[in-house]
Amino acid sequence: MANAESKVALVTGANKGIGLAIVGQLADLGYTVLLGARDAARGAEAVASISRQGRDVRFQLIDITDADSVARAAADIEREFGRLDALVNNAGLKLEWHPSPPSQCTMDLVRQTYETNVFGTMSIILAMLPLVRRSDAGRIVNVSSGLGSIGLAKTPNTPFNLKPMLSYSTSKTAVNALTVQFANELRDTPIKVNAADPGYTATDMTFHDSARTPDMAARPIVRLATLPADGPSGGFFDESGVVPW
Ligand SMILES: NC(=O)c1ccc[n+]([C@@H]2O[C@H](COP(=O)([O-])OP(=O)(O)OC[C@H]3O[C@@H](n4cnc5c(N)ncnc54)[C@H](OP(=O)(O)O)[C@@H]3O)[C@@H](O)[C@H]2O)c1
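The structure reproduced in this document is the subject of the present report. (Residues numbered from 1 in each chain as written. Predicted model: local features only at pLDDT ≥ 70, side-chain atom pairs only at ≥ 80, totals over all residues. Heavy atoms only, no water.)

### Regarding the site of the ligand
Next up, step 1: Taken together, the neighbourhood of the ligand is formed by 28 residues, with Asn 15, Arg 38, Tyr 168, Thr 201 and Thr 203 sitting nearest.
Next up, step 2: For the ligand, an oxygen atom lies 2.8 Å from a polar atom in the backbone of Ile 18.
Next up, step 3: Lys 172 is positioned such that a nitrogen or oxygen atom in its side chain is 3.0 Å from an oxygen atom of the ligand.
Next up, step 4: Here the ligand loses 95% of its free accessible area of 890 Å² to cover by the protein chains.
Next up, step 5: Judged by the fraction of its atoms near the pocket grid, the ligand is located in the largest pocket.
Next up, step 6: Among the residues forming the shell around the ligand, the class breakdown is 9 nonpolar, 13 polar and 6 charged. (Near = heavy atom within 4 Å. Polar contact = N/O pair within 3.5 Å; in protein donor to acceptor, adjacent residues only side chain to side chain. Areas by Shrake-Rupley, 256 points an atom, 1.4 Å probe, with all protein chains shown as cover. 1 Å grid on protein atoms, 1.4 Å probe; cavity = no way out; pocket = protein on both sides within 12 Å on 5 of 7 lines; lining within 4 Å. Sits in = over half its atoms within 2 Å of the grid points. Nonpolar A, V, L, I, M, F, W, Y, C, P; charged D, E, K, R; others polar.)

### A word on the sheet that holds strand β1 (residues 8–11)
Next up, step 1: Read across the open sheet, the 8 strands follow the order β3-β2-β1-β4-β5-β6-β7-β8; overall the sheet is mixed. The sheet is open, and its two edges are formed by β3 (56–61) and β8 (241–242), each paired on a single side.
Next up, step 2: Where β1 meets strand β2 (residues 32–37), 4 bridges bridge the pair, whose relative direction is parallel. Within the sheet, the bridge partner assigned to Leu 10 lies in β2 and is Leu 34.
Next up, step 3: Running at roughly 165° to strand β6 (residues 192–196), helix α7 (residues 166–185) makes contact with β5 (139–143), β6 and β7 (236–238) of the sheet. (Pairing = 2+ DSSP bridges. Helix = DSSP H or I, 4+ residues; strand = E, 2+ residues; numbered from the N terminus. Contact = heavy atoms within 4.5 Å. Axes fitted to C-alpha atoms, helices over the stretch in contact; angles between N-to-C directions.)

See the structure below:
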């Protein structure tokens with residue numbers, strides 16, 4: 001059992017990269033953290049790599065594209081904790097690498113990307129929301145990307161304008177849109193729903209092509225997962241503040 005005082009967080013896609021860093025930071029804040037991974041061996045290895053004295057990190061099997069897996073995970077959390085204080089929708093994939101002109105994208109690529117980034121994220125929120133509602137101060141953070149910002153994509157000579165990616169970028173735009181939809185519905189509850197841009201970070205997704213570390217990328221996400229009662233909801237933020245839609 002978790003300490004009765006400790007908050008419970010679930011982070012999806014947390015066996016590596018930014019998700020693993022989010023788990024470590026939430027655990028250091030005293031959360032009981034469920035490290036979500038779709039593969040049992042990779043998940044167990046990640047839990048072992050991040051566990052140390054004072055951290056309560058536990059493996060949670062969850063494939064966000066598999067309805068049975070999502071339902072089983074919700075049932076596991078319900079049975080063990082009866083609530084969820086923070087849900088971090090971090091699992092995602094990017095199947096394009098720039099230059100990636102939209103006209104050369106395929107529908108197969110779009111469908112695969114949306115299956116995880118959009119439909120997977122939606123299905124997790126739908127399955128976990130009853131548990132988040134039982135928290136005194138539920139927080140939902142959807143990990144988006146600056147590439148999902150239409151405002152940045154329309155700003156000339158920015159990386160967002162110069163690196164079109166039909167499937168990934170528009171999937172993250174949809175993540176931003178679904179963030180607002182849930183935030184609006186929940187506006188009269190204590191629950192806050194926000195989207196986060198971690199910034200361009202050295203992970204497997206970027207072939208480690210950045211000086212930005214997963215720990216740096218995790219900070220704005222953890223800030224949104226631990227917002228105080230007077231914090232914002234229905235917004236899109238990076239470490240510097242508001243990101244344009
Ligand atoms: N890195 C960047 O520069 C950057 C920038 C902006 C936004 N982001 C976003 O940040 C998040 C984390 O990305 P990252 O850079 O840490 O990527 P990463 O190292 O590739 O990690 C992605 C994680 O998502 C998991 N995942 C993928 N599909 C899944 C599924 N169906 N069910 C459960 N887990 C699944 C992966 O699991 P497996 O190991 O089993 O594949 C992995 O744990 C993503 O949403 C990404 O779009 C990243």
